[in-house]
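These are the residues of each chain, in order.
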Amino acid sequence: MNHTLTTASSLRGTVQVPGDKSISHRAVMFGALAEGDTHITGFLMGEDCLSTISCFRSMGIDIDVSEEEVIVHGAGLHGLKAPSELLYTGNSGTTTRLLCGILAGQPFTSTLNGDASIQKRPMGRIIKPLRLMGADIDGRDGNLCPLTVRPAQLHGIRYDMPVASAQLKSAILLAGLFADGKTTVIEPAASRDHTERMLRGLGAQVESNGTEITLTPPETLHAVDVDVPGDISSAAYFLVAGLILPDSEITIRNVGINPTRTGILDALEAMGADIERLNERGTVEPVCDLRVRSSRLHGTVISGDLIPRLIDELPVLAVAAAFAEGETVICDAQELKVKESNRIAAMTAELSRTGADVAETEDGMIIHGGKPLHGATFTSYADHRVAMSMAVCALACEGDSSIDDPACVAISYPTFFETLDSLKGDGT
Ligand code: S3P
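What this report covers is the structure whose coordinates are included nearby. Please read all numbers here as calculations on a predicted model, not as lab measurements.

**Notes on the pattern of salt bridges**
This structure, assessed with the given rule, holds 26 salt bridges. A salt bridge links Arg-261 to Asp-231; its shortest N-O distance comes to 3.0 Å. You can see Arg-261 sitting in the loop between strand S17 (249-256) and helix H8 (263-270) and its partner Asp-231 sitting in the loop between strand S16 (226-227) and helix H7 (232-244), a full 30 residues away along the chain. With a closest N to O distance of 3.8 Å, Asp-312 and Arg-343 form a salt bridge. Highlighted residues: Asp-312 in the loop between strand S20 (301-302) and helix H9 (314-323) and Arg-343 in helix H10 (residues 343-352), separated in sequence by 31 residues. You can call Asp-312 buried: its relative accessible area is 11%.

**Comments concerning H7**
End to end, H7 covers 18 Å across 13 residues, agreeing with the expected 18 Å (1.5 Å per residue, within 8%). Most of H7 sits out of view: 13 of its 13 residues are buried. The residue sitting at the N-terminus of H7 and contributing the capping side-chain oxygen is Asp-231; that oxygen lies 2.8 Å from the backbone nitrogen of Ser-233.

**A word on empty space enclosed by the protein**
Within this structure, the stated rule accounts for 1 cavity of 30 Å³ or more. Put simply, the largest cavity is a space of about 50 Å³. As for the largest cavity, its lining consists of Asp-20, Ile-23, His-194, Pro-229, Gly-230, Ile-232, Gly-256, Ile-257, Asn-258, Arg-261, Glu-285 and Pro-286. Here the residues of the lining of the largest cavity are counted per class, giving 5 nonpolar, 4 polar and 3 charged.

**Some words on unusual backbone geometry**
That bond from Cys-145 to Pro-146 is cis: its omega, 0°, falls within 30 degrees of zero. Looking at the secondary structure, you find Pro-146 in strand S9 (residues 144-150). At Ala-382, a residue that is not glycine, the phi angle is positive and equals roughly 55°. Looking at where Ala-382 falls in the secondary structure, it is placed in the loop between strand S24 (377-378) and helix H11 (384-395). Despite not being glycine, Asp-405 has its phi angle at roughly 45°, a positive value. Along the polypeptide, Asp-405 turns up in the loop between strand S25 (401-403) and helix H12 (416-422).

**Concerning the pairing of strand S3 (residues 37-41)**
With burial as the criterion, only one face of S3 is covered, namely that bearing Thr-38 and Ile-40; the residues Asp-37, His-39 and Thr-41 on the opposite face remain uncovered. Relative to strand S5 (residues 70-73), S3 runs antiparallel, the two sharing 4 bridges. Note on S5: the bridge partner recorded for Asp-37 is His-73. Where S3 meets S16, 2 bridges bridge the pair, whose relative direction is parallel. When the sheet's bridge partners are listed, Ile-40 is paired in S16 with Val-226.

**A word on the site of the ligand**
Taken together, Lys-21, Ser-22, Arg-26, Thr-94, Ser-165, Ala-166, Gln-167, Arg-192, Ile-311, Asp-312 and Lys-339 make up the full set of residues near the ligand. Here an oxygen atom of the ligand and a side-chain polar atom of Thr-94 are 3.3 Å apart. When the ligand sits alone it has 380 Å² of accessible area, and the protein chains cover 95% of it. Where the shell around the ligand is concerned, the elements lending two or more residues are helix H1 (21-33) and helix H5 (166-176). Tallied by class, residues from the shell around the ligand come to 2 nonpolar, 4 polar and 5 charged.

Each value, and the rule that gives it
Residue numbers run consecutively from 1 along every chain, following the written order of its sequence. With pLDDT at 70 or above as the cut-off, local features in this predicted model cover only qualifying residues; side-chain atom pairs require 80 or more to be listed or tallied, and sums for whole chains, interfaces and linings still use all residues. Excluding hydrogens and water, the side-chain values take into account all heavy atoms of the structure. One speaks of a salt bridge when a side-chain nitrogen belonging to Lys or Arg is within 4 Å of a carboxyl oxygen belonging to Asp or Glu. Helix and strand assignments come from DSSP, with helices taken as H or I runs of at least 4 residues and strands as E runs of at least 2, each series counted from the N terminus. Remark: exposure states derive from per-residue accessible area (1.4 Å probe, protein chains only) relative to the maximum for the residue type, with buried under 20%, exposed over 50%, and partly exposed in between. What a helix should span is 1.5 Å times the count of its residues minus one. Definition of a polar contact: a pair of N or O atoms within 3.5 Å, with one able to donate and the other able to accept a hydrogen when the atoms are protein atoms, and with sequence-neighbouring residues admitted only if both atoms are side-chain atoms. Only protein atoms enter the 1 Å grid, on which a cavity is a set of points fitting a 1.4 Å probe that cannot get out and a pocket is an open set with protein on both sides within 12 Å along at least 5 of 7 lines, lining residues being those with an atom within 4 Å of a point. Grid points are joined across faces, edges and corners, and a volume is the space filled by probe spheres set on the points. Note on residue categories: nonpolar means Ala, Val, Leu, Ile, Met, Phe, Trp, Tyr, Cys or Pro, charged means Asp, Glu, Lys or Arg, and polar means any other residue, Gly included. One bridge is not enough; two strands pair if DSSP finds at least two bridges between them. We call a residue near a molecule or strand when any one of its heavy atoms sits within 4 Å of it. All accessible-area figures derive from a Shrake-Rupley calculation using a 1.4 Å probe, and residue coverage is judged against the displayed protein chains alone.

Here it is, written out as structure tokens:
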């Protein structure tokens, strides 16, 4: 059903975004493999993370879910049980790829599959290194879901990763938990490092030397409670909305600012954004409150090592670029083509509907921003980040817009539209 996206003259107030998706997934997965109970507060109750919970329940892990917290009753490194049915990973690339790394080291056979989008996403990137570790793993047509994983004895490898992907890095390191000998991965550029930080917290030896990471297989992992910070990828929609609408000021409380995730702040600041980091705190994962004020944005170049540090924020950065004076070039971002949708094609098509000057390139987009845009009927491609990005764009267009499948935002941000509405008028 189509959903109307209204314009706004300004946005003001304070919001708290849901928990970080990457950390929520990992808290459940690592909690399941640890000895003892893991109490998770701030867990993201989005569909992707619920897929992770349901897969681990299928492997015999008791997980209590209440409004206040999620409690994972860990079974230890060798405590997972053979699932009686297919492990369904829904729309979640993180569930699919990280789980595969864990399954590669189990003494049982399992099959995993996800929705139509997951069935198109490349799995060859994990199959190849896992096989080098000795894994017995097969995919449809060699590199697609469904994937079947059979028991095998794994051994550590040293692997030069062809793409900067935290999902790939994590799949290899997680298989390394069950391997003989050390496992080393070398990244072409630093991707998010939640896996390394959290495994260290559970007692594993994980050494990082630049972009080279080595895991020594531990005897056991010890459960540690996790307080999940707000997701900077969800905060990004309010950052851009606050910047492009006049007379706006939004405070976003409790946002994770792990440096492998703050490329969005760097890119927006390079575009002239007024964003303050307040009350910096946190240990394993740094956190702060972000305050954004309307700003006159100008074009920039977003490329190279910055890309993995803002990969999920590129759709909404394209929106910021459409309202920024001058040219913005996004390049080295081929990975966007293999996300929940082809986000280069999707964002080029949807922004063009508003009259924006956007050209698709091989590895990104070139956007000439700054002219007035008009409302339109948008397609989400069943991609939560495209839907939320176009909702932000619609706020600053002339005339209302609409979007199909607004419900897809539930993948990462079930209450997105309500929170956005709360900032219209004089929201507090
Ligand atoms: C994620 C890593 C990123 C990101 C995804 C979550 C993770 O994917 O796009 O939303 O939790 O490890 P890649 O690692 O494949 O780039």
